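# A look at the structure
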Amino acid sequence: MGSDAIARRGRRPGDLRVVVRRPAKMPRTLGPSALFAACYGNVGSSIYYALGVTAAFALGLTPLALILAGFIFVTTALNYAEGTAALPHAGGSSSFARRAFNAPIGFIVGWVQLLNYTATVSISSYFAISYLGFLGKYVPALAPLVTDQSTHVGATVVLIAILVAVNVIGIQESSALNLVLAFTDLVTQFVLVILGIILLLKIRTVIDNIHWGVAPTWSNFLAGISIAMVTYTGIETISNLSEEAKDPGRNVPLATWWVIIAVLFVSAFLPTIGVSVFPVMYDQHLHAYTTQLATTYKADPVAGIVMGFKDDLLRFWAQVWVGILAFTILVIATNAGLLGISRLSYSMAGVDLLPHRLAKLHRRFKTPYVSIIVFGVAAALLVLPGLIAGSKEIDLMSAVYSLAATFAFCSAHLSVMRLRFIEPALHRPYRMPWNVKFGRDSIPVLSLVGALFIGTVFTQLLFENISNTTFIFMGWLALGVLSYVLYMRYRHQPIWEPLEVPPPREREVERVPFESLPRSARYRMGRRERVSGHVAAARHVHERHRPAWQLELELFFARHGAIRCALIVLVFAAISGLAIFVDLSPFDPFGPGLGWSPGLVVVAFLAAYVLNRSHAEQ
């Protein structure tokens, strides 16, 4: 009788009735509109801060950087749609990795996701205070939020503390309010785009802003694409809400397509209007090209855009409306980040990947208060460097989010690709378009291309080390690995599990070693009489246990042949060497030095390994 069962007496003496406790499931009440509202409330709010920080790197190519990042977003969103429709459980990429690979890899991905959510809480709350301070010109008491960095950081920490307390108490905003605010935000952005195209857009200025290879440099442009990933904060929202979705196989992909269309429309036009209002100029003091979108209005770029309206009445009401709406929607995005932290940590603790203390529910409020407080404090600590770094704090938080997000997105691509081969019978109500037949299933081309692109921008961002974010990310990763090892040692559990669990031996005879002969050899010819276990033990053949990597290598050569395998290895090595040579050479437009090539090589190798292993396991 397991720990999830309790014994109760039956009607007669001696009777025993076993009642199995099943975990309570959340009611499936969310349709496609509610899923869209929840996701767009997080993803759509990102433009309020992503625009300025992307312009700091991409300058006049900011619209192109956001469009290219949007392509990565499309591949990732469709990948999540397939994975979530097949596995409608909270956890997102961590759940995919745990199902496709093993628990340790699922833990690493989940641990990075926790950093992702922590950075989301930090950056959303920081910019919420920025837009509130923008109203200081009309409410003088709010002016110090913009003019004094210490006040700004302090108010951000206070906002995080308030929302931590709200989440511990368990007060959540209603889904109806989320729906209203999300659609209000969507309509506002559409109206701003239409008015901007009519009143503000100057195509000649947009073209003159482009200085190929100079402003920005190619390395800064690639870093700008990486930073632009912050525009799509919250794509995992639908995945986390899938347990509450009605008919997730239909509604999750439908809501995902709605989010893709809405976000790409806004992300394509609003940045174009922004660089039209604030053209790229050469600064004599800095001896570099810059734009006010990335300096003066870096903390509130959309509020800066509406200041370009010539009509005084329109400009006044647009400023007030954008300031209030941006503050409200960013506070909700901050709260959603804390909810994501609580859901993910609770899910990971439920499968013994985190200490159960992190999933401990409050005695009165029934919320996982320990994890909310711990990661709320981590989010506040991520904001504190702003006391010293000043405006560089925005770059720090954005780069931390982009590193964590690209890592999680790449793992999601590889996991969904592997699941197609190791679980071909899994019911998939939705499949990504563009598939290539391979073995008993097909390779999702969008997942493969998306993983390769994400790998290049991840390592480029890693080597750029913007505001020392690489050290923060690697330190977080090392802390997670150390915590996992210590926790597994504490529980006396193996640290690593094989990707494929080997089948158990057929049987074991008491006080006799395992039998190594097949079942047919343990019967006498012509008679159904069992040979004694001791006889089998006497004929025991010593088995040499080879390492898993050696066995896989032998199987690889046995399947494809020695010559063909040698050619495959040589071609892969030659292409990888060429990529690294170009990356290190002065011919690389992104600048000499390691950047994009390690990510391309590593992800290509991982994809090839996953496909070959999955093909071998069938």
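Keep in mind it's a predicted model, so treat the numbers as computed, not measured.

The next thing to look at is the overall build of the chain. Summing up its helical and strand segments, the chain has 23 helices and six strands in all. In the chain, which comprises 618 residues, the proportion classed as buried is 50%. Expressed as a percentage of contacts within the chain between residues at least 6 apart in sequence, the contacts between residues at least 24 apart total 75%. About 29200 Å² of surface is accessible on the chain, with carbon and sulfur atoms providing 67% of the total.

A word on a nonpolar patch on the surface. Where nonpolar side chains cluster on the molecular surface, the patch consists of Ile 373, Val 377, Leu 381, Leu 384, Leu 387 and Ile 388 and spans about 590 Å² of accessible area. Taken together, the elements giving at least two residues each to the nonpolar patch come down to helix H15 (369-383) and helix H16 (386-389). Considering every element that reaches the nonpolar patch, the biggest residue donor is H15, with three residues. By the secondary structure assignment, Ile 388 is in helix H16. Take Ile 388: its relative accessible area is 82%, and that puts it in the exposed class.

This brings us to unusual backbone geometry. Of the consecutive residues Ala 215 and Pro 216, the connecting peptide bond is found in the cis state with omega at 5°. Following the sequence through the fold, Pro 216 ends up in the loop between helix H9 (203-208) and helix H10 (218-227). A positive phi angle is found at Trp 434, which is not glycine, with a value near 65°. Looking at where Trp 434 falls in the secondary structure, it is placed in the loop between helix H17 (392-422) and strand S5 (435-438). Positive phi, normally seen in glycine, also occurs at Asn 465, with a value near 55°. Of the residues examined, Asn 465 reaches a relative accessible area of 23% and is grouped as partly exposed.

To continue, consider the pairing of S5. The sheet contact formed by S5 and strand S6 (residues 441-444) spans four bridges and is antiparallel. Bridged to Phe 438 within S6 is Asp 441. Between S5 and S6, which pair antiparallel in sequence order, lie two residues; one of them, Gly 439, sits at a positive phi of approximately 65°.

This next bit is on the confidence of the model for the chain. In regions of low pLDDT, the predicted coordinates are not meant to be interpreted in detail. Taken residue by residue, the chain gives an average pLDDT of 79. The fraction at 70 or more is 81%. Helix H19 (residues 469-490) holds the highest mean pLDDT among the elements of the chain, 92, whereas strand S1 (residues 5-9) holds the lowest, 44. Predicted confidence is poor over residues 1-10, with pLDDT under 50, and the contacts of this stretch with residues over four places away or in other chains come to 24 contacts. Every residue in residues 501-538 scores below 50 in pLDDT, and together they form 37 contacts with partners more than four places removed in sequence or on other chains.

Interaxial distance between helix H4 (residues 93-100) and H17 falls to 8 Å at its minimum, and their mutual angle equals 40°. Viewed along their axes, H4 and H17 adopt a mutual orientation that is oblique. The interaxial crossing formed by H4 with H17 has left-handed handedness. Residues Ser 93, Phe 96, Ala 97, Arg 99 and Ala 100 of H4 form the contact with H17, whose participating residues are Ala 408, Ser 411, Ala 412, Ser 415, Val 416, Arg 418, Leu 419 and Ile 422. Split into classes, the residues belonging to the contact of H4 with H17 amount to eight nonpolar, three polar and two charged.

Reading the values: the criteria
- Residues numbered from 1 in each chain as written.
- Predicted model: local features only at pLDDT ≥ 70, side-chain atom pairs only at ≥ 80, totals over all residues.
- Heavy atoms only, no water.
- Helix = DSSP H or I, 4+ residues; strand = E, 2+ residues; numbered from the N terminus.
- Buried < 20%, exposed > 50% of the residue type's maximum accessible area, 1.4 Å probe, protein only.
- Contact = heavy atoms within 4.5 Å.
- Areas by Shrake-Rupley, 256 points an atom, 1.4 Å probe, with all protein chains shown as cover.
- Patch = residues over 30% accessible without salt bridge, like charges linked within 9 Å, V, L, I, M, F, W, Y side chains within 5 Å.
- Salt bridge = Lys/Arg side-chain N within 4 Å of Asp/Glu carboxyl O.
- Pairing = 2+ DSSP bridges.
- pLDDT = per-residue confidence, 0-100.
- Axes fitted to C-alpha atoms, helices over the stretch in contact; angles between N-to-C directions.
- Parallel < 35°, antiparallel > 145°, perpendicular 65-115°, else oblique.
- Left-handed = near helix turned anticlockwise from the far one by under 90°.
- Nonpolar A, V, L, I, M, F, W, Y, C, P; charged D, E, K, R; others polar.

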